[in-house]
Amino acid sequence: MDEMMSVFRYLIPVLCFVIVAYCIKHLLQSKAPKVTPACLIDEMTGKEYLITNWETSIGRSNACDIVLNYSTVSRFHAVISKHKKGWVLTDTNSSAGTYIGKTQVHKSVVINDSDEISFGGIILRFRIK
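Below or above, wherever it landed, is the structure these notes cover.

The rules behind these values
Residues numbered from 1 in each chain as written. Predicted model: local features only at pLDDT ≥ 70, side-chain atom pairs only at ≥ 80, totals over all residues. Heavy atoms only, no water. Salt bridge = Lys/Arg side-chain N within 4 Å of Asp/Glu carboxyl O. Helix = DSSP H or I, 4+ residues; strand = E, 2+ residues; numbered from the N terminus. Buried < 20%, exposed > 50% of the residue type's maximum accessible area, 1.4 Å probe, protein only. Core = buried A, V, L, I, M, F, W, Y, C linked by side-chain atoms within 4.5 Å. Contact = heavy atoms within 4.5 Å.

Between side chains of opposite charge, a pair can form when the charged atoms approach closely. Considering all chains together, one arrives at four salt bridges under this definition. The closest approach of N and O atoms between Lys-129 and Glu-48, which form a salt bridge, is 2.8 Å. Within this pair, whereas Lys-129 is found in the segment after strand S11 (122–128), its partner Glu-48 is found in strand S2 (residues 48–51), the two being separated by 81 residues in sequence. Relative accessible area serves as the criterion here: at 52%, Lys-129 is assigned to the exposed category. Classification of Glu-48 by relative accessible area gives partly exposed; the value is 41%. In this structure, the salt-bridge partner of Arg-127 is Asp-113, at a minimum N-O distance of 3.9 Å. Placement of the pair is Arg-127 in strand S11 and Asp-113 in the loop between strand S9 (109–111) and strand S10 (116–119), with a sequence separation of 14 residues. Overall, Arg-127 belongs to the partly exposed group, its relative accessible area being 32%.

If you look at the biggest cluster of nonpolar residues, it comprises 21 residues, and the most contacted ones within it are Leu-40, Leu-89 and Phe-119. Those elements that place two or more of their residues in this core are strand S1 (38–41), S2, strand S5 (78–83), strand S6 (86–91), S10 and S11. Looking at this core, the element that brings in the most residues is S11, giving three residues. The contact partners of Phe-119, leaving out residues within four places of it in the chain, are Leu-40, Ile-58, Leu-68, Val-73, His-77, Ala-78, Leu-89, Gly-97, Thr-98 and Leu-124.

The structure is reproduced here in structure tokens:
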């Protein structure tokens, strides 16, 4: 019985080390799939807001990925995210609303290339690069 305990005393830490090393190796080798870049273009000023993350927040707050510093834009106005079905726009209960064309967004909606999106009256064109 003492011999078994001696074997387990050394075998279990070695086994744990091997498992952790295996997990670390696979974490380092795996790469996140690339996001097809997109952008929002302010056609009035020509300013382009690049979208390269899986999820991009839009609002007046400096904590947002895309900052629209206008009084009609809520601090955390909307989110654009990449899904299997394409790019999706979600309004985050903004006070002035989010629109695709003239249609208000009440839930998550798939957006297409060249869609005109309004965030609190600020109109931007969505483009897939």
